Every structure is written in structure tokens, then in C-alpha cells.
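# Secondary and tertiary structure notes
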Amino acid sequence: QVQLVESGGGLVQPGASLRLSCAASGRTFRTDFMGWFRQAPGKERGFVAAISKYGSTYYADSVKGRFTISRDSANTVYLQMNSLKPEDTAVYYCANHDSGSVYYTRSYDIWGQGTQVTVSS
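Here the structure is a predicted model, which means the values were calculated and not measured.

What counts and what doesn't
Residues numbered from 1 in each chain as written. Predicted model: local features only at pLDDT ≥ 70, side-chain atom pairs only at ≥ 80, totals over all residues. Heavy atoms only, no water. Pairing = 2+ DSSP bridges. Helix = DSSP H or I, 4+ residues; strand = E, 2+ residues; numbered from the N terminus. Axes fitted to C-alpha atoms, helices over the stretch in contact; angles between N-to-C directions. Phe/Tyr/Trp six-rings, centres within 6.5 Å; stacked < 30°, edge-to-face > 60°. Buried < 20%, exposed > 50% of the residue type's maximum accessible area, 1.4 Å probe, protein only. Disulfide = S-S within 2.5 Å.

### With respect to the sheet that holds strand β3 (residues 18-25)
Read from one edge of the open sheet, four strands run β1-β3-β8-β7, paired in antiparallel fashion. Looking at which strands have only one partner, the edges of the open sheet turn out to be β1 (3-7) and β7 (67-71). Along the sheet, successive strands turn relative to each other by an average axial angle of 15 degrees, direction set aside. Taken together, the five bridges between β7 and strand β8 (residues 77-81) define a ladder with antiparallel strand orientation. Within β8, the position partnered with Arg 71 by the bridge is Val 77.

### So, the packing of aromatic side chains
In the structure shown here, the tally under the stated rule is seven aromatic pairs. Relative to Tyr 108, the ring of Phe 37 lies with its centre 4.9 Å away and its plane at 80 degrees, an arrangement referred to as edge-to-face. Taken together, the residues Phe 37 in strand β4 (residues 33-39) and Tyr 108 in strand β10 (residues 108-111) connect sequence positions 71 residues apart. Take Phe 37: its relative accessible area is 0%, and that puts it in the buried class. Using a relative accessible area of 6% as the deciding quantity, one classes Tyr 108 as buried. Aromatic side chains Tyr 93 and Trp 111 sit 6.4 Å apart centroid to centroid with 80 degrees between the ring planes, which places their arrangement in the edge-to-face category. With Tyr 93 in strand β9 (residues 90-97) and Trp 111 in strand β10, the pair connects residues that are 18 residues apart, well separated along the chain. Overall, the relative accessible area of 13% leaves Tyr 93 in the buried class.

### Section: the state of the cysteines
A full pass over the atoms with the stated rule returns one disulfide. Across the disulfide, Cys 22 is cross-linked to Cys 94 (sulfur-sulfur distance 1.9 Å). Taking the sign of the torsion about the S-S bond as the criterion, the disulfide between Cys 22 and Cys 94, at about 55 degrees, is right-handed. Taken together, the residues span a long stretch of sequence, with Cys 22 in strand β3 and Cys 94 in strand β9 at a distance of 72 residues. Like Cys 94, Cys 22 is buried.

### Regarding the pairing of β1
Only one face of β1 is buried, namely the one carrying Leu 4 and Glu 6, since none of Gln 3, Val 5 and Ser 7 on the opposite face is buried. Pairing of β1 with β3 involves five bridges; the strand directions are antiparallel. The residue of β3 that forms the bridge with Ser 7 is Ser 21.

Any functional reading would require information beyond the geometric quantities listed.
So, in C-alpha cells, the structure goes:
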């Protein structure tokens, strides 16, 4: 069915910006929520941001004011990351929400492959 294809990760210095993209591949689809999660080595995968089909947004406290989630008419989802910190270093995943709270990984049924974001001086 639908595949989520991510791009935009990389190695940047503290204070820099990155823009991640997640595009539906194979066919277009409409979903209630799309989300971004991240996982650092040795840690649990955690919520970053989510967006509804109407454009309502939700953020983890750790990224609020620095990150912006958005989506376009083709259901491509973006994560604009500004003022990046070393603590933001992780593999970032986009995901399609299925049911349950948007804040939990178990609520999502389709995941991208992940893209590495490294913030280091």
C-alpha cells in the first residue's frame, strides 16, 4: 500500500536549521493525523509533533517554539527544525496515525524508514 519516504536529514552545527520531508509513495491518501517521532541511541522512540488533516498542530514541550510541522495538499508532511541543539540528535521517523492518542507510537500503523539528524560542533 502506502509507503512513507523521508528526506532532509544530515549533520549540522548547533543553532542551524533543517527541513525534513515525508512524502506518500505508491498512491495518495488522506489521513486524520500524521506525526513525527525521534529515537536517540539507547532511548525509547518519543513523540515530536503531529498535524491533523485540518492543520491543527501538536508538539512535544522540548521542541515547541523551535519546530514547525506542516502538510501540503498532496499530503506531504514537513518538519521545519530551527535552533537545533545536540539533544535533538536522533533518527527521525514520520508516521501515519491509526487510532488512539497521537502522542504514542502504538497509535500509528505506517512508518517511514527514518532519517538521521546529527547536531554537533
